[in-house]
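In case you want the letters, here they are:
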Amino acid sequence: MNFFKTKTSWSNTEFIVLKLCVASAYVLVGGYFHSFFRQYYVPVFMVFAVTCIWAVSLWISKMRGVK
C-alpha cells in the first residue's frame, strides 16, 4: 500500500478543516478526562514547550532558506 508514499499539496484554507478537527478532538478528550489528566499537567506542558520551540525553530530556519 502506497498510502504513506503519496505526496500531496494542501492550501492554507484546507488546513483549517484539519486543524479544527484535531482541536475539537483535543477539547473533547480534555473535557471528558479532565480529572485523569490533572496529574499530568506538568509533563504535558513540558512536551508542549519543547515541541513548540522546536516547531518555531524549524519554521524560522525554513523561512531563512526561502528567498
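> I keep staring at the overall build of the protein chain and nothing clicks. Help me out?
Of the regular secondary structure elements, the protein chain holds three helices and zero strands. Helices (α) and strands (β) of the protein chain occur, in sequence order from the N terminus, as α-α-α. Relative to its full complement of 67 residues, the protein chain shows a buried share of 0%. Here the protein chain has roughly 6,900 Å² of accessible surface; of this, 73% comes from carbon and sulfur atoms.

> Can you walk me through the packing of aromatic side chains in this structure?
Two descriptors summarise a pair of aromatic rings, namely the distance from one centre to the other and the angle between the planes of the rings. Within the structure shown, the criterion is met by four aromatic pairs. Note on tyrosine 32 and phenylalanine 33: the rings are 4.8 Å apart at their centroids and 85° apart in plane angle, and the pair reads as edge-to-face. According to the relative accessible area criterion, tyrosine 32 is exposed, its value standing at 67%. Summarising the aromatic geometry, the rings of phenylalanine 45 and phenylalanine 48 are spaced 6.3 Å apart at their centres and angled 40° between planes, so their arrangement reads as tilted. On the criterion of helical spacing, the pair formed by phenylalanine 45 and phenylalanine 48 is a turn pair, its members being three residues apart in helix H3 (residues 41-65). Connected via pairs of aromatic rings, a cluster forms that spans Tyr32, Phe33, Phe36 and Tyr40.

> So what exactly am I meant to see when it comes to a nonpolar patch on the surface here?
A cluster of nonpolar side chains, contributed by Val29, Tyr32, Phe33, Phe36, Phe37, Tyr40, Tyr41, Val42, Val44, Phe45, Met46 and Phe48, occupies part of the molecular surface with about 1,300 Å² of accessible area. Every element with two or more residues in the nonpolar patch is listed here: helix H1 (12-32), helix H2 (34-37) and H3. Of the residues forming the nonpolar patch, the biggest block, six residues, is contributed by H3. Mapped onto the elements of the fold, valine 44 is located in helix H3. We classify valine 44 as exposed; its relative accessible area is 51%.

> Even after reading the chapter, I still don't get the confidence of the model for the protein chain, so can you show me in this structure?
Regions with low pLDDT carry predicted coordinates that are not meant to be interpreted in detail. Of all residues in the protein chain, 82% attain a pLDDT of 70 or more, and the chain-wide mean is 80. Across the protein chain, the secondary-structure element scoring lowest on mean pLDDT is H2, at 82, and the one scoring highest is H3, at 85.

Thresholds applied
- Along each chain, the written sequence defines residue order, and numbers are assigned to residues from 1.
- At least 70 in pLDDT is required for a residue's local features to be given in this predicted model, at least 80 for side-chain atom pairs to be given and counted, and no such filter applies to totals for whole chains, interfaces and linings, which use all residues.
- Side-chain metrics in this entry use all non-hydrogen atoms of the structure; hydrogen atoms and water are not considered.
- In this description a helix means any DSSP run of H or I spanning at least four residues, a strand means any run of E spanning at least two, and both kinds are numbered starting from the N terminus.
- Exposure categories follow from relative accessible area, calculated using a 1.4 Å probe and restricted to protein chains: below 20% of the type maximum is buried, above 50% is exposed, and the middle band is partly exposed.
- Each accessible area is a Shrake-Rupley result for a 1.4 Å probe, and residues are judged covered by the shown protein chains and nothing else.
- For Phe, Tyr and Trp, rings pair up if their centres lie within 6.5 Å, where Trp contributes its six-membered ring, and each pair is then called stacked (planes under 30 degrees apart), edge-to-face (over 60) or tilted (otherwise).
- Surface patches are defined over residues having more than 30% relative accessible area and no salt bridge, joining like charges when they lie within 9 Å and nonpolar side chains (Val, Leu, Ile, Met, Phe, Trp, Tyr) when within 5 Å.
- Each reported salt bridge corresponds to a side-chain nitrogen of Lys or Arg within 4 Å of a carboxyl oxygen of Asp or Glu.
- The score called pLDDT rates the predictor's confidence residue by residue, from a low of 0 to a high of 100.

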